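Single-letter residue listing:
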Amino acid sequence: MTTLPARFRAFRIRDDDAGYRAGIEEIALDDLAPGELVIRTAYSSVNYKDALAGTGQGKILRRFPLVGGIDVAGHVVQSRDPAFREGDAVLVTGCGLSETRDGGYAEYARLEAKWAVPLPAGLDLRESMILGTAGFTAALALLRMTENRQVPALGPLAVTGATGGVGSLAVDIFSRAGYAVHAVSGKPEQAGYLRELGAAEVLGREALHARRPLESARFGGGLDNVGGPMLVGLLAQTAPYGNVAGAGLAASPALDATVMPFIIRGVSLLGVASSGTARDIRDEVWRRLAGDWKPHHLARIAQHEATLDTLPEAFARLLAGGGLGRTLVRIG
Ligand SMILES: NC(=O)c1ccc[n+]([C@@H]2O[C@H](COP(=O)([O-])OP(=O)(O)OC[C@H]3O[C@@H](n4cnc5c(N)ncnc54)[C@H](OP(=O)(O)O)[C@@H]3O)[C@@H](O)[C@H]2O)c1
């Protein structure tokens, strides 16, 4: 069994009498939430939720202190579960990390074996964290839509917040799966990037401003990362029996809509909650991400690389809406 260092570096979030704060601390293994597996962390990533948690701009953590980072990938160094051996490559996305348990922003992570996904053949650890929660969410959305009879013949899929992490990966995955993708973005200067990832068209955010409960049906459905009026507009422009997956609230948590798309066109609004996905669906999503839905442009989407020390800059960039693609966190 590998001997672990007595103390190691972690990006830890606290909220106590001294206020909300986060930064590097030297911690011991027993400072971490219990679990059957200890891994030496290789990579994590920065998601919107990580930026909210790391800055205190959103109520993400349900106990303090906790190590941040909702994603983690690395090699097992200790296992009390016979299903895993030292040296196995594993990943976890969501499943309470940086919410109720310590997360991936540390040199070592202690994990519950029931949520650890053996790294699927077809992905390396770095690729798995370029995907992370963002890629998992995009693929889960597509899985839910196809299970509800989404097919390319229904029309193009819109992706809002297209230059962000979930958005960039959705553009790549959906086009790879045979759909025409209409990327909706507030960054017209990134139209070339979005076309490179597979977007057939790049639209401004105003394309989703609906004036009426039903507009002409322009999309077969789509993935919404921003919420508010853009989600309402997407529902109003979705073709009969198309699916809209609601994943995000980068603009607003509000949904001020009418039932008209549902009762006149049979449009479905599907929820996407990556963190709480059941184990069998989780395994299926990772199988697809490593196989027929593996994005073709992971290297292009990995726009930024951070370390534990540069996480605050990465959070600020994301929260300012200026993030492009994914931010990988190199730890090991
Ligand atoms: N449901 C789940 O399980 C799940 C999982 C992961 C993420 N999420 C949510 O999905 C959203 C995207 O996450 P992410 O990690 O991809 O974040 P991100 O990388 O920061 O991307 C968000 C994108 O949304 C767009 N945007 C930002 N502010 C906006 C505004 N005020 N109005 C309209 N568009 C705006 C921007 O894209 P453009 O400039 O291209 O328009 C931005 O790049 C977040 O709300 C996050 O909480 C949910």
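Note that the structure is a prediction, hence the values are computed from the model and not measured. (Residues numbered from 1 in each chain as written. Predicted model: local features only at pLDDT ≥ 70, side-chain atom pairs only at ≥ 80, totals over all residues. Heavy atoms only, no water.)

Draft legend 1. The arrangement of the side chain of Thr93 in detail. Its place among the elements puts Thr93 in strand E6 (residues 89-93). Overall, the relative accessible area of 3% leaves Thr93 in the buried class. With residues up to four places along the chain from it excluded, the contact list for Thr93 reads Ile70, Asp71, Met129, Gly132, Thr133, Phe136, Arg282 and Trp286. (Helix = DSSP H or I, 4+ residues; strand = E, 2+ residues; numbered from the N terminus. Buried < 20%, exposed > 50% of the residue type's maximum accessible area, 1.4 Å probe, protein only. Contact = heavy atoms within 4.5 Å.)

Draft legend 2. Summary view of helix H1 (residues 48-55). Of all the positions in H1, only Asp50, Ala51, Leu52, Ala53 and Gly54 are classed as buried. Taken together, the buried residues of H1 touch strand E1 (8-16), strand E2 (19-27), strand E3 (37-46) and helix H9 (311-319). Positive backbone phi, at 80°, marks Gly56, one or two positions downstream of H1.

Draft legend 3. Summary view of the sheet that holds E1. Taken together, the three strands give an open sheet; going across it, the order is E2-E1-E4, and neighbouring strands pair in antiparallel fashion. Every interior strand has two partners, whereas the edge strands, E2 and strand E4 (66-67), have only one. Pairing geometry for E1 and E2, over nine bridges, is antiparallel. Its bridge partner being in E2, Arg12 is matched across the sheet by Gly23. (Pairing = 2+ DSSP bridges.)

Draft legend 4. Representation of unusual backbone geometry within the structure. Between Phe64 and the following residue, Pro65, the backbone shows a cis peptide bond with an omega angle of -10°. Its place among the elements puts Pro65 in the loop between H1 and E4. Unusually for a residue other than glycine, Cys95 sits at a positive phi of about 55°. Summarising the element assignment, Cys95 is placed in the loop between E6 and strand E7 (108-111). In this structure, Arg149 is a non-glycine residue whose phi angle is positive, near 70°. Residue position: Arg149 is located in the loop between helix H2 (125-147) and strand E9 (157-160). Owing to a relative accessible area of 72%, Arg149 belongs among the exposed residues under this scheme.

Draft legend 5. Summary view of the packing of aromatic side chains. Per the counting criterion, the structure on display carries six aromatic pairs. When the ring of Tyr20 is compared with that of Phe64, the centres are 5.8 Å apart and the planes differ by 80°; the resulting orientation is edge-to-face. Highlighted residues: Tyr20 in strand E2 and Phe64 in the loop between H1 and E4, separated in sequence by 44 residues. On the basis of relative accessibility, which here comes to 31%, the residue Phe64 falls in the partly exposed class. Look at Tyr105 and Phe315: their rings are 6.3 Å apart centre to centre, the planes differ by 35°, and that puts the pair in the tilted class. (Phe/Tyr/Trp six-rings, centres within 6.5 Å; stacked < 30°, edge-to-face > 60°.)

Draft legend 6. Structural detail: the pattern of salt bridges. In total, this model carries 18 salt bridges according to the counting rule given. Taking the shortest distance from any N to any O, the salt bridge between Arg14 and Glu25 comes out at 2.8 Å. Taken together, the positions of Arg14 in strand E1 and Glu25 in strand E2 put the pair eleven residues apart, joining distant regions of the chain. Residue class for Arg14 comes out partly exposed when judged on its relative accessible area of 23%. (Salt bridge = Lys/Arg side-chain N within 4 Å of Asp/Glu carboxyl O.)

Draft legend 7. Examining the nonpolar core more closely. Ranked by internal contacts, the top residues of the largest apolar core, which has 48 residues, are Leu142, Met145, Val171, Ile173, Phe174 and Trp286. The element contributing the most residues to this core is H2, with 13 residues. Not counting the four nearest positions on each side in its chain, Val171 is found in contact with Val159, Ala162, Val181, Ala183, Leu194, Leu197, Gly198 and Ala199. Counting residues in each nonpolar core, the second largest holds 29 residues, with Leu32, Ala53, Leu61 and Phe315 among its members. (Core = buried A, V, L, I, M, F, W, Y, C linked by side-chain atoms within 4.5 Å.)

Draft legend 8. Inspection of the environment of Gly165 at higher detail. Tracing the sequence through the fold places Gly165 in helix H3 (residues 165-176). Counting along the chain gives 138 residues from Gly165 to Gln303, while the straight-line C-alpha distance between them is 9.7 Å. Contact partners of Gly165, with chain neighbours within four places excluded, come to Ala134, Gly325 and Arg326.

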